[in-house]
Amino acid sequence: MAIKEPRLRSLLTQADRNAAYGKNAAAEGIYRQILDAAPEAEEAWLGLAEVVSDPEEKRAAYERALRLAPETPAAIAGLARLDGRPVPPEIAAALEAAAEPEELAPAKVEPLDGDEDHATAIDVEADYELYCYRHPERATSLRCYNCDRPICISCANKTPVGYICPECQREAEDAFFNSKPLDYLLAALVSLPISLLTGFLIVRFFSGGFLFFIIIFFVSGAIGSFIGRITKRAIGGRRGRYLPALVVAMMILGVVIPALPILLAVLTGSVGGLLALLGPGIYLFVGASAAYWQMR
Ligand SMILES: [Zn+2]
Ligand SMILES: [Zn+2]
């Protein structure tokens, strides 16, 4: 099966180039990397057969390629050479025809080390376009600094140390958010009663009068901060992705439940009810923001 995935294609080209340079060890590493991901890739088995030195390994790789793609001339010729048999003329002709179009000659003017240093791979990546691992159709030159996979500009997040892919970003965040599932229950159990109590007091006593609006504005921040802080302490200061939102939801419940009769009155057209909701509305807006920031 021919390789179609752009990333593996680009790896294959890289491996072939290394092989053409005589960097067999580097080429072998890349072929094996391809085969890990695509064990059916006969092109990689063929390449591997050409660069490994052990005759048994060579044979196994040629045979594998031949099983995957019967009558592959390169594999037939390789096996013939291993057995010391002459390469059949029609196979030799097919090989010669196939060798022409593919230009694997070194593109860079760079003399090779005489001592056949196989250890260092040639970095030919820059010559080849990478493809975003989340959008295989998008060419890119960026890589995630953490996992080294290519990512397109819309997937990449810039960080002080380089670009990071969404998966690695998520992992980093998961390490940051250290809450346990029980923390959510605990946070709700702590913040809901307080929110209900303060919500009731606000709805009961602060639903009218201009002076109250001013007082409410200042009191709300303090109440929200208090709810956030006491909830955070109850869960041991741990952080959770959705914990701030949970506390905000509890504060909303804390106002909506005691304000239900007023809400129903508003629904039936009571203008006075609407005014009565102004105070609790301000409280909720200011208080919930304060609690949210405390929980972060
Ligand atoms: Zn990554
Ligand atoms: Zn992408």
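This text goes with the structure placed above it.
Residues numbered from 1 in each chain as written. Chains lettered and ligands numbered in written order. Predicted model: local features only at pLDDT ≥ 70, side-chain atom pairs only at ≥ 80, totals over all residues. Heavy atoms only, no water.

A. Just the coordination of the zinc ion (ligand 1), in detail. Note on the zinc ion (ligand 1): its protein donors are C144 (SG), C147 (SG), C165 (SG) and C168 (SG). The metal-donor distances range over 2.2 to 2.3 Å. One way to put it: the 4 donor atoms around the zinc ion (ligand 1) meet at angles of 103 to 115°, and that makes the site tetrahedral. Sequence spacing of the donor residues for the zinc ion (ligand 1), all on one chain, is C-x2-C-x17-C-x2-C. Judged by its relative accessible area of 27%, C147 is partly exposed. (Donors = N, O, S within 2.8 Å, 3.2 Å for Na, K, Ca; no water. Tetrahedral: all angles 85-135°; square planar, octahedral: opposite > 155°, others 65-115°. Buried < 20%, exposed > 50% of the residue type's maximum accessible area, 1.4 Å probe, protein only.)

B. Representation of the side chain of S220 within the structure. Its place among the elements puts S220 in helix α9 (residues 210-234). By relative accessible area, S220 is classed as buried at 0%. For S220, the contacting residues outside a window of four places in its chain are I282, Y283, V286 and G287. (Helix = DSSP H or I, 4+ residues; strand = E, 2+ residues; numbered from the N terminus. Contact = heavy atoms within 4.5 Å.)

C. Examining the coordination of the zinc ion (ligand 2) more closely. Within the protein, C132 (SG), H135 (ND1), C152 (SG) and C155 (SG) serve as the donor atoms for the zinc ion (ligand 2), at 2.0 to 2.3 Å. Taken together, the 4 donor atoms coordinating the zinc ion (ligand 2) and their angles of 99 to 115° define a geometry best described as tetrahedral. Binding-site remark: the zinc ion (ligand 2) is held by donors from one chain whose sequence spacing is C-x2-H-x16-C-x2-C. Here C152 lies in the loop between β4 (150-151) and β5 (157-159) and C132 lies in the loop between β1 (130-131) and β2 (139-140), a separation of 20 residues in the sequence.

D. Structural view of the pattern of salt bridges. This structure, assessed with the given rule, holds 10 salt bridges. Between R32 and E28 there is a salt bridge whose closest N-O contact spans 3.1 Å. In this pair, R32 and E28 both sit in helix α2 (residues 24-37), 4 residues apart, roughly one turn of the helix. When its relative accessible area of 23% is taken as the criterion, E28 is described as partly exposed. Residue R143 is joined to D148 by a salt bridge in which the shortest nitrogen-to-oxygen separation is 3.7 Å. Using a relative accessible area of 26% as the deciding quantity, one classes R143 as partly exposed. (Salt bridge = Lys/Arg side-chain N within 4 Å of Asp/Glu carboxyl O.)

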